[in-house]
Amino acid sequence: ATDHPFMDPSVMQVSSSQSATVGAGLDDPFGAQAEPATVPVAPVISQPPPQPAQPTLQPVSSAGFSAGYGASTPPTSGYGGGYGSGTASFNPQPPKQYGNEETMHKQEEINTDVLQPNAEKLVEDEFRKREQDLERRETQLRDEQKRLEDARVYGDRVPNFPPIPKFFPCTPCVYHNIDFDITPEHQLSVRRVFYHWQFTVFCYLLNFVVCFGMICALGTKAGSAFGLSLLYAGLFIPLSFLTWYRMLYNAVRLDSSMRYMLFFFMYGMQIFVSGIAALGFNSGGFAGWITAFKTMEDNKALGVLGIIVSLAWCANCLIAVYLIMQIHKTYRSTGGSMEKASGEFAASAGSNRNVAQGLLRSL
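Here goes a summary of the coordinates provided. These numbers were taken from a predicted model, which means no experiment stands behind them. (Residues numbered from 1 in each chain as written. Predicted model: local features only at pLDDT ≥ 70, side-chain atom pairs only at ≥ 80, totals over all residues. Heavy atoms only, no water.)

If you look at the biggest cluster of nonpolar residues, it comprises 44 residues, and the most contacted ones within it are Trp197, Tyr245, Tyr260, Phe263 and Trp313. For this core, the secondary structure elements donating two or more residues are helix H5 (184-218), helix H6 (223-254), helix H7 (257-279) and helix H9 (300-333). Ranked by the residues each element gives to this core, the list is headed by H6, at 11 residues. Once residues lying within four places of it in the same chain are set aside, the contact partners of tryptophan 313 are Cys203, Tyr204, Asn207, Ser274, Ala277, Ala278 and Phe286. (Core = buried A, V, L, I, M, F, W, Y, C linked by side-chain atoms within 4.5 Å. Buried < 20%, exposed > 50% of the residue type's maximum accessible area, 1.4 Å probe, protein only. Helix = DSSP H or I, 4+ residues; strand = E, 2+ residues; numbered from the N terminus. Contact = heavy atoms within 4.5 Å.)

The next point concerns the environment of histidine 328. By the secondary structure assignment, histidine 328 is in helix H9. With relative accessibility at 38%, the residue histidine 328 sits in the partly exposed group. Along the sequence, histidine 328 and tyrosine 260 sit 68 residues apart, while their C-alpha atoms lie 8.8 Å from each other.

Another point: helix H8 (residues 289-296). By the burial criterion, the buried members of H8 are Thr291, Ala292 and Thr295. For H8, the angular spread of the buried residues around the axis is 100°, confining them to a single face. Buried residues along H8 sit in contact with H5 and H9. (Arc of directions from axis to C-beta.)

As a further point, take a nonpolar patch on the surface. Side chains of Leu231, Leu235 and Leu239 sit close together on the surface and give an oily, nonpolar patch of about 250 Å² of accessible area. Relative to the elements of secondary structure, leucine 231 occurs in helix H6. (Patch = residues over 30% accessible without salt bridge, like charges linked within 9 Å, V, L, I, M, F, W, Y side chains within 5 Å. Areas by Shrake-Rupley, 256 points an atom, 1.4 Å probe, with all protein chains shown as cover. Salt bridge = Lys/Arg side-chain N within 4 Å of Asp/Glu carboxyl O.)

Across the interface, H6 lies against H7 with an axial gap of 8 Å and an inter-helix angle of 150°. With respect to each other, H6 and H7 are oriented roughly antiparallel. You can see that H6 and H7 cross each other, and the crossing is left-handed. Residue-level contacts link Ser240, Thr243, Trp244, Met247, Leu248, Asn250, Ala251, Val252 and Leu254 of H6 to Arg259, Tyr260, Leu262, Phe263, Met266, Tyr267 and Gln270 of H7. Grouping the constituent residues of the contact of H6 with H7 by class yields 11 nonpolar, four polar and one charged. (Axes fitted to C-alpha atoms, helices over the stretch in contact; angles between N-to-C directions. Parallel < 35°, antiparallel > 145°, perpendicular 65-115°, else oblique. Left-handed = near helix turned anticlockwise from the far one by under 90°. Nonpolar A, V, L, I, M, F, W, Y, C, P; charged D, E, K, R; others polar.)

Next up on the list: the side chain of threonine 200. Among the secondary structure elements, threonine 200 is positioned in helix H5. In contact with threonine 200, other than residues within four places in its own chain, are Trp244, Gln270 and Asn316.

Contact geometry for H5 and H9: axes closest at 10 Å, N-to-C directions at 160°. Judged on the interaxial angle alone, H9 and H5 are roughly antiparallel. Classified by chirality, the crossing of H9 by H5 is left-handed. Residues of the contact of H5 with H9, tallied by class, amount to 20 nonpolar, eight polar and one charged.

Here we come to unusual backbone geometry. Phenylalanine 161 connects to proline 162 through a cis peptide bond whose omega is -5°. Within the secondary structure, proline 162 sits in the loop between helix H3 (98-153) and helix H4 (178-181). In the Ramachandran plot, aspartate 255 falls in the positive-phi region, its phi being about 55° despite a non-glycine side chain. Inspection of the secondary structure assignment puts aspartate 255 in the loop between H6 and H7.

Functional significance is not addressed by these values, which are geometric in nature.
Structure below.
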């Protein structure tokens, strides 16, 4: 069998039969039987259906390869010399693998669909975490800037308490700023004690008002109670601020165990005074329970006011007990103790030359 399509025996036989029968049956108009003319007819070539390109490469002859990529030897003489010659062209481009490329593209799309949401979520979480960290740092920097600004403004600690109007002849005595001086974790405790001190001031003033009404209604019989109530209001209000509230304020601000101990002692004295005031002994300067019931025999209105004062002093005493327990618990949780307070007292006494000399002389 030959590789040339026209040299196939079946094709040659069809071509010869068609050439012989062409012109057969044509009658001569003059009566002469003419010989059938032989007309060459091009052979019918049945082309096979196009086949998909095969990825395999054809062999390359030495002659074509030596002429360069894509070169081939010219066809030789003869009808089929160049069509099926032994040389073949070389295709320099690699065959396209459509199936593999489509599979790779599909796999890449699947990986992109699966991995891209996870990657975006991770990036978003990281971005949110960094944003929160930046906000926290910004808040810290803002608080620190405010603290430094307050320190610059109140660096000399100008007294601002009690808040007295400028036209008043007196001026404030101490510097008081809980937000600036007290750390955030202790501000609530200090504010509670400050509110308790304000309530104590209210109790002293209300007690003075009731005793003043008693002297107005009962005359000189209530004179001693009125005098002592005036003394208590004028003396114990500033002393309570300096001895126990201001002591706690400085103890928290300076983290001083010695001041904590002094606060516990003075606050205990305040609890004792509140208990005495709630009882209200006769001519003791406090309109407590005893004085209120005794006054009700002469004036019921003053007796009712005395009961209100007694209830206020009882509430004052209970609030003080609760606060001292809470502050003592907080103090113990921070590592405070009597030994630490004694060490601070010894260090402060040793640093003071006059106190040290007095101790040496006493030994």
